[in-house]
Structures are given as structure tokens and as C-alpha cells.
Amino acid sequence: MRENSSLTLVLNRTFRHWSLLPAVALFVALTIYPVANLFRMSVSTIEFAQAGEAWTFTPLRNLALLRADEVVPAAVRNTLIFVVAAVAIEMVLGLALAIIVAGAARGKGLIRTVMILPILVPPVAIGSIWKLLYNYDFGIFNQTLAALHLPPVNWLGSTSLALWSVVIVDVWHWVPFVFLILFAAVEALPVDVLEAARVDGATRWQLLRRVMLPLLRPAIVVALLFRTILAFKVFDEVFLLTSGGPGTSTELVTLHLYKVFFDQNQLGYGSLLSLALIAAIVAFLLVGRQAVRLARP
Amino acid sequence: MNTSATALSLPRSATTTPATAVGGGWIGTTLLALAVAAVLGPFAWILTASFKYQIAIYSGEWPFTPTLSNYAEVLFGRRSDFVGNVVNSLIVASASTALVLVVGTLAAYSLQRFRWPVWVSAGFLGWTLVFHMIPVMTLIGPWYVAFRELGLYDTRIALILTHVTINLPMTVWLMRAFFRELPPEIEEAALVDGCRPLEAFRRVTLPLVIPGLIASGILAFIFSWNEFPVALSLTSRDLATVPVAIARFAQQYEIQHSQMAAASIVSTIPAVILMALGQRFIVRGLTLGAVK
Amino acid sequence: MIQHARVICTSFLVAALGLSAAAIAQKPFADVGKQPPITILIGSTPWYPAFEKVVGIYEQQTGNKIKLDVVPFGGILEKARNAVRSGQSPYDLMTLDTQWTIEFYDGGFLSPLKEIDAAFELPKEVLSYGDSGYWNAQKRWRTADGGKLMAYTVLGNVQLLYYRGDVLKQAGIAPPKTWDDVLAACAKLNEPPKMYGFVARGEKGNGIRYDWQSVMLAERASVAKDPAAGDYTVTINSPQAKAALDLYIDLLKRCGPPNYGSLGQGDVIQLLATGKAAMGDVVTAAFASFEDPNKSAVVGKLDTVALPRGRSGANGAVIGNWNAGIPKNASDPQKKAALSFLRWFVTYDAQHAFAENGGIPNRSDVFTSDLAKQPRFRWMPAYLETQKFAQQELGYAEGAQVEQVLGLRLNQALIGEMSSAKALNTAAREIEDIFRKSGRKTGTLPPLPE
């Protein structure tokens, strides 16, 4: 690289300005229109006639639909249980595995490749295949139970169990996500800090609690943040596994949203439901952050 | 923290990773073995299913007579475009990953290091996060209309641009977390030594966040690789990607598990290879620059 | 560049198809002249290979090109909506599930076939499938009476009662004619977990709604009083509907596996294909896969009859067909080309070839042709019988919403979360609310005692 070329000079002098520019430009170009459209739809009723669209401004009607929707309470309850359970398990397992694998003397690359296999499989295949694993008559779980002379389990057909069966699939699918982020964070930890602590005679547990976890905090927060958002948005697997049944036992907000926005073509109310979901995620994250702050001594 | 810049920017030897101190022990080993088994169990099931006839999958037959017919159908079947689908996915996923890494890392660095007014930094970060929360199904209609108007419907460009947008929030936030872990003194020292800002970023800071770049890259690649609704809407048969092709096996009345399993296995292999290559590319490119 | 890629791929497709169709080079089944290439939107379904073969024959005979954009089942509606809602449609012909057609008819998104060519007529042998191709814009209803022909059926599916010929014979049971026969037969045959007497869908949503409605029709019950005449009084909580629901719950609980509440079409097919079920309520289109040794352990053992009568003495079956229509925003020459294909496709010869390759033909004369005598087409008599009484259901704009209500409440009654009376009362109230919100003349029956 010629150090004194004029381009390099300009790039250097204006680095601060252009470094953010591509991201902002892309976001302005690709998100403003769809998001504005989403807001506009959420206060409208859209009907199709004469091969065209007729928009009417009906914010109150859409709100009334939301309030009267009898599926929403169950969907919200299930979604919260699902998100809290799945994300908590995934964070704990993902963090533990990241630390263990990072500590392995050899074969880290191979283990990491194996660990990310589940997120490589398309969700539609995951849903279809786990449905077979859970199959009452032929599934591998019930076959195993039968071999152990235990009674079969109604994994997806029982209202009390179905949601947990779905959580198990989600954990299998998404622990790799948490693992991948935290493994990278552990690998990027400054060596000398840990060395110093060890030389000072810290036990393993102290090293983990007092030194590693605080240093890993930014990565843990990001993993938690994005895992939570993605868990709220879970769709394909549950759609294929249970479609929200039996009854309302695995009905989730996104499944309901799909029915309203897509199956029933209610674009206005569907958009409002979609905004309500976003508001719920934001509220959940803020409450979560506050709870963590209060819990910390 | 008063560590010298040079000590940290030196490449680490493989044996002294920090976590060696914490991980390990028989509990760790047992847990790891369990985790690998739990991950590989269903995966092994998919692998065996790919060698079974549908009826053997249905009845959970074991042992079974293996067949290669599913692979033959997926790869060479008269109706199958699967090889083309894999090529499409590889192009779209690699291009969008490369782009999102560049754009996202620059943005993350910029937000972390330069003193942007709060409305810019918080505004941008908040916007990306909220955008990430929007159910994708509500974005597809407007994107379809926009790309059709631009004459970009059914092109890889449309798919790459949307995938970069979808993956940008996670990349920015992740890379920002990695930049935050770095003490600012390192770079300041480099600047004092006469490095220009861009050079300091490229030669000093970036090599220190290689694990972060790799993790973000793998995630962006995977999310692009598996993205279904946008890929479905913005392309037709010729440019369909792997998840769209695999979803075709989930038919109205029956799911063709045998071929779906074979297709899943077939598509996993090039993806793993490409990710390994990409990783090597990042490490080589950045560490060579750092040693100088 | 994109154009270029398309041309390559199209010709590749043609080459691949041409190879198999080369043997059938002959005089066209219908004279359609030289037409520009068209693109067809079609879903990935078990009958798609048959359709693809017939398209290959068309290309071979006429020299006209057709590009098939085959998309996952879950993506067809999305693609079709996008295509018609803005600019020029990328598709010249779209195959749509019967439930979706209403949205496209009502929104004016399809060209009436006679507006493309005033001389176009469907041959009288083509089955009507409850007039699902016609749309009366005044009544907002699918009927040939005052309606325009918007589309026609490329594949008509109805549920049939599948039964194991060998098992029933051995037990000395005649093929069931009434739902009570099914109940009686399954009492004898049911031997879980080795053999289930009868399986049908209990899964929440479309599954239970669709399968149950056959029993509902057999009990002469209905969802709304007379939608064709604009009377949307909700009648789903009638004593007849309750009888139908109680019967259905009885059938599934007494004859099926313990996961009856989550049983979907795939599960039902799996249970029949593995030989675990003696009888089942399954679509006609699944028959071919039961005859494929790679997919079935009961090849040659399953027979079919029309769905049984209820205690009311009526038969009931719900039609689930695929209609092909031409988007209004396609160009005129493309529309003509698409219609030319449709004209060719309804000829006896084309339908005969479609059936031979595993499709379900839409012409009555194919069902009485030489094919019906072949063992692999032994479902044909039952299918033709079913056409006499099969009906379209939920044929109004609110259909998808009504389906969600029924799909949930029926499932809740099945798994015991509510009594059947309460489930139907609740559904009636909710459906009435849906109709009221869209401005229909509606009301409801007095509630059933809970």
C-alpha cells in the first residue's frame, strides 16, 4: 500500500464519517419503506376490489379487533413461557459449553463445526424431522421407551406436554447460536488478566465468577438480546410440529399473526398485531434489564 | 487495566487460551460428550433417513436396507434443480456475508470509537434492533413491490441486499460487543506511534477481534443460508435457494422425508467447507497484516 | 443477463421434458396454433409430476413453451398475491387452492376466461366441482348461475374412505356404507397398538375442520343457513351439528391412536401406509403413494369407497380442488397462450394422459374409460360416486376466519377441553361476530344446552 496516495489520505481523514455511512445508507434504502408501510397498514383496513386496493383509515376498529381477539391471551402466555424457558436453558448450556470447549486442549475447530450443525439445517426440515422423532407409534423416543419397557409418551398430542416438546426442539436448534457467540468471546479474552488472577491463587470457580463472567458480559448481553428476539419470532418449527395445537396449548403470537395476516389476509389488523408483538418484545427486554439491575448488589 | 499494546496484539499460542484455566476436568468432559451426543443424535437420524426408503422411515425400521436412491433423486433427478439451488445459496450467502461483515464491522467500530451524537448512535442501534424484531412476513410485500419497480425481481442482487439488511443488526451489535471488550489504550498507543486511523483499525484493532468476526460471519452465513420467506418471494425457480428447495419436499399431503433428509445432508457439506474457507481467509488476511 | 439465464434454464427444462415425451410425438390433442411462451405458478404436490409430464406432451405436440415455477406448498398463495397486486404479473397461469380462489375472484384479480376468448367453452364432460370455477360478482358467490367462468379445476380432490380389503374380508366385514358401520367395524378391528380401527385428522385447524365437515354434511348440518342467497344466519350449533361432532369424537377416540388430537394428514397417511390402520379418511391424491412399494407396506391392499352416510341418510364430502386461473395483469398475448393450454388440457386425450401419469382427471368420460378397469385406478368408481354429493364449503370471503374458529373449537371438543355443545355454541357466537363485522345479514340459533 502506498502510504501517501491521496485516496488513502482522504479515506483516513474522513474515516469517522464514512465508516457509518454504508450501514446507514443501506438501512435507509431498505427499511424505511417497509416499516412506514407497516405503520400505515396498522391503522387501516385494506380491501381488494377491481384488481386494486382500497385503504380506509380505521385505527379504532383495528384496536377493537385486538381487544376482542380471544386467541391473543393464550398466545401471549404460551409465548412468554416458551421464550423464558427456551432462552434460559439455551443461555446456560451455551455458556457452559463455550467455556468447556474453549478449555479443550485440541480439536476445538472440529467440536465447533459439530456444534453448529443444528443451525445449518433449514427450519422446515427440523420441524418435519422432529415430528417423526416424536411420532407416537413409530418415533425413536417412544421406540426407545418401549425397548426399556416403559409406556409411550404422547409428546405432541398432550396439552400439558406439547409446549415442552416444542421447547426441547428449540433448545436443540439454538444452543449452537449461544455457544458460537460465547465461544468466540471466551477466545477473545485477554490472556494476561486471567493469568494474573491465576497466579494470584484464584480457584477455578473464582476465576469464572470474578474474572471471566464480567469480561464476557457484553457478549452475553448480545447473545441474550438476540436469542430473546429470535425466540419471540419462532415460527417454522412450531408451525410444522403442532400448528399451535392441541387446543391452544402451543399457540404462539407469531402463529396467530400468520393466520391473521397471511391466511385471513387481514393486513390492517395483522400489522397492528405485528406492532403489538414488537412493543411486547421491547417491554420484555426493558423489564428484564431493570430486573437484572435491581438484582445486582 | 495497564497492559501494553504490544503484549496483547501478539498472536497467542494455541495452548495458553485463557479458558484452559476454567474449563476441563471430568465434569466438563462429561458435559461436552453429552452435548455432542445430543447434537449428533438427531443429525445421525437424518443421515440414516437419507439412506432409507420412505416406508422404512415411516415404520422406524431398524436395521434397514440402505439405498442411494434419495441422493440420486435429489442430485440427478429429472425434476431436481438441487445442484443449482446449492450454487445459488452459496453465492447469495457468501456475498451477503462478506458485505455484511464489512458494512457491519465498520459501523460497529465507528459507533464504539468515534464520538457520535447520542441521537445518531442510539438512534441507529435502536433502529436496527427494532427492525430485527419485525416479523419478516410483513416486510415481504413492500420489498417485492420495490424490487420489481427497480427491475431487480428474480435477481441475486435483490436477495443479497435484503439478506445484508436482515443480518446487519446482529452483526453490528455483536461486533460492537467485541470492540467493547478491547481496551482503547491499545489503539491509542498505535496512533501515538504514528499510525493513521484507518491503519490502526486495520492492523491493530481488527486482528484482536478475529474470533468475533468469525462468529458473526458464521451466523450471518447461516441466517442467509436458511432464510426462507424473502428468498421465496423475490426469486422464481431458477434462482431458488436451498431452504426453498427443501421446503418443496414438504408437500401438501405428504412430506418426502427421505429426499428431504438427503437434501439436508447434501447442502450441509458445501456450507461447512465454505465456512471453514471463509474463516481461514479472515484469519490469514488479518494476521498477515498485523505482523507486517 | 437475467433474460439470458431464463432462456437457458427454460430450454434446459424443455430438453429434459422433451426426452421423455419424445415417444409421444403425434398430432396435437387440440389445435392451439403458435403461442408465446408462458409461465405457470404451481405448487409442489404429489400430483405435480403428472402435471409436468402432461405439460411436456403439450410442448412436444405444439412446439409452444411453458415454464413451470414450482414452489413449496406453503409459498403458493404468497407468490400468487404478489403477482397480481402490482405491475405486470410474472405468471400467465396460476393454480390456486379452492379456498384461495374467492379472494382472487372477489378482488377482480383474474380475467374471466370468456373475456380472453369469447368462444371458449368447457366441454360438458368436465366435472363442475361445485361450480368452484364460476364467480357471480353480484351475489359474491361461486355459482354458474349468473356467474362468469374465471378458472377451472386442474385437480379435484375429495376424501375417500380407504379400507384394508384383506383385513375386512378376513373379519367378515363388508365395506362400510354408514358412519355407524365404520364405528361397528372399528370396534371389531381395533387392537391397539397393533392395529387402529379408523384414522382421520384431529389436528387443530384445517385438518379437523375439513374432515369433520364431511360428517357434518352427512348429518345435514351446515355452518350458515343459505349464503348463496345472502342469508348468513349461523347454524353451526344445531342439534344435527352436535350429533355430527359427537359421532366424530367417538370415531377418533374409540378407533384411533391416543394422539388423535394432533393427528394430521401426514400421520394418517403414515398409519395407513405402514399397515397400522384398518380404515382411514384420506384424500384421493394419496392413493398413488399407497401403491408405491417405496412408500407403502400395503401395496394392493387398500380399497376405497365413497365417504359413508350419516344417521340422516345423507352422504357428505367436502371438495378440495385446485383451480387454474389467468391473472388480469398478464399481457394479452400471454393470456391467449395460457388459455390455449387450458383448452388443450381439458381434452379427453390430455386428461387421459394426466390420469395415466398419476393425476386425477377432471372429465367424467376418463373415469369410465379403459383406465377404470386397471387395478391401480380402482379408486375411480368411488371418486365418481362422491362427485354426486360432494360440496364446496366456506365459500365466502370470511372462509379463512371461520376455518380458524372451527379448527380450534372442534379440536378443543375433541381433546376434552370443552363439551361438544359448548364448543359449537362458542363457535356459533364467534362466527356470527365475524359475519356481522363484515356487514352480512346474520344471526344465530338458540344455544345448545351445555
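Summary of the structure given here. (Residues numbered from 1 in each chain as written. Chains lettered and ligands numbered in written order. Predicted model: local features only at pLDDT ≥ 70, side-chain atom pairs only at ≥ 80, totals over all residues. Heavy atoms only, no water.)

**Let's talk about the overall build of chain B**
What chain B contains, in helices and strands, is 14 helices and zero strands. Sequence-ordered secondary structure for chain B, helices as α and strands as β, is α-α-α-α-α-α-α-α-α-α-α-α-α-α. Projected onto its principal axes, the C-alpha coordinates of chain B cover approximately 70 × 60 × 30 Å. Counting all 292 residues of chain B, 59% fall into the buried class. For chain B, contacts bridging at least 24 residues in sequence account for 75% of all contacts bridging at least 6. (Helix = DSSP H or I, 4+ residues; strand = E, 2+ residues; numbered from the N terminus. Buried < 20%, exposed > 50% of the residue type's maximum accessible area, 1.4 Å probe, protein only. Contact = heavy atoms within 4.5 Å.)

**Things to note about the overall build of chain A**
Each helix and strand in chain A was counted, giving 14 helices and two strands. Whereas a compact globule of 297 residues would reach a radius of gyration of roughly 19 Å, chain A reaches 24 Å, over 25% beyond that. If one aligns the C-alpha atoms of chain A with their principal axes, the spans along those axes are about 75 × 70 × 45 Å. Scored against the burial criterion, the 297 residues of chain A give a buried share of 59%. Long-range pairs, those at least 24 residues apart, make up 66% of the contacts in chain A between residues at least 6 apart in sequence. Carbon together with sulfur atoms contributes 68% to the accessible area of chain A, which is approximately 12700 Å² in total. (Rg over C-alpha atoms; globule rule 2.2 N^0.38 Å. Areas by Shrake-Rupley, 256 points an atom, 1.4 Å probe, with all protein chains shown as cover.)

**Remarks on the sheet that holds strand E7 (residues 159-164) of chain C**
Residues and elements named next belong to chain C. Overall, mixed pairing links the four strands, which are arranged E8-E11-E7-E12 in an open sheet. The open sheet has two edge strands, strand E8 (196-199) and strand E12 (302-305), and neither has a second partner. Each neighbouring strand pair of the sheet contributes to a mean axis angle of 20°, computed without reference to strand direction. As judged from the three bridges shared by E8 and strand E11 (residues 277-283), these two strands associate in the parallel manner. Bridge assignment links Phe198 to a residue of E11, and that residue is Met279. On the sheet, helix H7 (residues 179-189) packs against E7, E8 and E11 and is oriented at approximately 145° with respect to E11. (Pairing = 2+ DSSP bridges. Axes fitted to C-alpha atoms, helices over the stretch in contact; angles between N-to-C directions.)

**Quick notes on the interface of chain B and chain A**
Contacts between chain B and chain A engage 102 residues on the former and 95 residues on the latter. With both chains or domains summed, chain B and chain A bury close to 9000 Å², and 79% of this area falls on carbon and sulfur atoms. On the surface where chain B and chain A come into contact, there are zero salt bridges. If you look at where chain B meets chain A, you find 12 residue pairs in polar contact (both at pLDDT 80 or more). When residues of the side of chain B that touches chain A are assigned to their parent elements, the largest contribution, 13 residues, is made by helix H2 (residues 25-49) of chain B. A per-class count over the side of chain B that touches chain A returns 74 nonpolar, 22 polar and six charged. (Buried area = accessible area lost by both parts, 1.4 Å probe. Salt bridge = Lys/Arg side-chain N within 4 Å of Asp/Glu carboxyl O. Polar contact = N/O pair within 3.5 Å; in protein donor to acceptor, adjacent residues only side chain to side chain. Nonpolar A, V, L, I, M, F, W, Y, C, P; charged D, E, K, R; others polar.)

**A word on the sheet that holds strand E3 (residues 93-97) of chain C**
Residues and elements named next belong to chain C. A sheet is described by the order of its strands in space; here five strands give the open sequence E2-E1-E3-E13-E6, paired in mixed fashion. Looking at which strands have only one partner, the edges of the open sheet turn out to be strand E2 (66-71) and strand E6 (151-155). Each adjacent strand pair in this sheet contributes to an overall mean axis angle of 30°, direction not counted. Relative to E2, helix H2 (residues 48-62) is tilted by about 170°, and along the sheet it contacts strand E1 (38-43) and E2. The sheet contacts of helix H4 (residues 98-106) involve E3, E6 and strand E13 (322-325), and relative to E3 the element is tilted by about 125°.

**Focus: the interface of chain A and chain C**
In this complex, chain A contributes 36 residues to the contact, which on the side of chain C involves 37 residues. Here chain A and chain C share an interface that buries about 2800 Å² over both sides, 50% of which is from carbon and sulfur atoms. The salt bridge involving Glu203 of chain C is made with Lys131 of chain A; its shortest N-O contact spans 3.6 Å. No other element matches the six residues that helix H13 (residues 253-263) of chain A contributes to the side of chain A that touches chain C. The residue inventory of the side of chain A that touches chain C, partitioned by class, reads 14 nonpolar, 15 polar and seven charged.

**Focus: the pattern of salt bridges**
For the structure on display, the rule yields 40 salt bridges over all chains. The closest approach of N and O atoms between Arg429 of chain C and Glu70 of chain A, which form a salt bridge, is 3.4 Å. Linking Arg429 of chain C in helix H17 (residues 420-437) with Glu70 of chain A in the loop between helix H3 (59-68) and helix H4 (72-103), this pair reaches from one chain into another. With a relative accessible area of 46%, Arg429 of chain C lands in the partly exposed category. Among the ionic pairs, Asp238 of chain B bridges to Lys67 of chain C, the shortest N-O distance being 3.3 Å. Taken together, the positions of Asp238 of chain B in the loop between helix H12 (229-234) and helix H13 (242-247) and Lys67 of chain C in strand E2 put the pair across two chains. The class of Asp238 of chain B is partly exposed, set by a relative accessible area of 22%. Among the residues examined, Lys67 of chain C registers a relative accessible area of 10% and is labelled buried.

**Side note on the state of the cysteines**
Residues and elements named next belong to chain C. For the structure on display, the rule yields one disulfide over all chains. Disulfide partner of Cys186: Cys255, at an S-S distance of 1.9 Å. Taking the sign of the S-S torsion, -50° for the link of Cys186 and Cys255, the bridge is left-handed. One end of the pair, Cys186, is in helix H7; the other, Cys255, is in helix H9 (residues 239-255), with 69 residues separating them in the sequence. (Disulfide = S-S within 2.5 Å.)

**Structural notes on the environment of Val244 of chain B**
Its location among the elements puts Val244 of chain B in helix H13. For Val244 of chain B and Ala122 of chain B, which are 122 residues apart along the polypeptide, the C-alpha to C-alpha distance reads 36 Å. In this structure, Val244 of chain B is in contact with Phe228, Ala231 and Leu232 of chain B together with Pro72 of chain C, ignoring residues within four places of it in sequence.

**Topic: the pairing of strand E1 (residues 44-49) of chain A**
Residues and elements named next belong to chain A. Judged from the six bridges that link them, E1 and strand E2 (residues 52-57) form a sheet pairing that is antiparallel. Note on E2: the bridge partner recorded for Phe48 is Glu53. Between E1 and E2, which pair antiparallel and follow one another directly, the connecting turn spans two residues, one of which, Gln50, has a positive phi of 50°.

**Regarding the packing of aromatic side chains**
Scanning all chains against the criterion turns up 59 aromatic pairs over all chains. When the centroid spacing of 5.4 Å and the interplanar angle of 70° are considered together, the rings of Tyr162 of chain C and Phe290 of chain C count as edge-to-face. Of this pair, Tyr162 of chain C sits in strand E7 while Phe290 of chain C sits in helix H11 (residues 287-290), and the two are 128 residues apart along the sequence. By relative accessible area, which is 1% here, Phe290 of chain C ends up buried. Measuring from centroid to centroid gives 5.7 Å for Phe341 of chain C and Phe345 of chain C, while their planes differ by 25°, and the two rings are stacked. Here Phe345 of chain C and Phe341 of chain C lie together in helix H12 (residues 332-345), a separation of four residues that amounts to about one turn. Residue class for Phe341 of chain C comes out buried when judged on its relative accessible area of 1%. Here Arg40 of chain A stacks its cationic end above the ring of Trp55 of chain A, 3.8 Å away from the centre of that ring. Above the plane of the ring of Phe262 of chain A lies Arg81 of chain C, whose end atom (NZ or CZ) is 5.0 Å from the centre. (Phe/Tyr/Trp six-rings, centres within 6.5 Å; stacked < 30°, edge-to-face > 60°. Lys NZ or Arg CZ within 6 Å of the ring centre and 35° of its normal.)

**A word on the packing of helix H6 (residues 118-133) of chain B against helix H8 (residues 156-181) of chain B**
A packed helix pair is summarised by two numbers, namely the angle formed by the two axes and the spacing between the axes. Residues and elements named next belong to chain B. The interhelical angle for the contact between H6 and H8, taken along N-to-C directions, is 130°, at an axis separation of 9 Å. In this view, H6 runs oblique relative to H8, as classed from their interaxial angle. Crossing geometry of H6 relative to H8 is assigned as left-handed. For the pair formed by H6 and H8, the contact residues are Phe124, Leu125, Thr128, Leu129, Phe131 and His132 on the first element and Thr165, Ile166, Pro169, Met170, Val172, Trp173 and Arg176 on the second. The class makeup of the residues in the contact of H6 with H8 is nine nonpolar, three polar and one charged. (Parallel < 35°, antiparallel > 145°, perpendicular 65-115°, else oblique. Left-handed = near helix turned anticlockwise from the far one by under 90°.)

**Overview of helix H8 (residues 206-218) of chain C**
All names here are of chain C. Along its 13 residues, H8 runs 19 Å from first to last C-alpha, staying within 8% of the 18 Å computed at 1.5 Å per residue. The axis of H8 is deflected most strongly, by about 25°, at Trp212. Of all the 13 residues making up H8, 12 are buried; the element is thus mostly covered by neighbouring parts of the structure. Listed in full, the buried residues belonging to H8 are Gly207, Ile208, Arg209, Tyr210, Asp211, Trp212, Gln213, Ser214, Val215, Met216, Leu217 and Ala218. (Expected span 1.5 Å × (residues − 1). Bend = angle between axes of the 7 residues up to and from the residue.)

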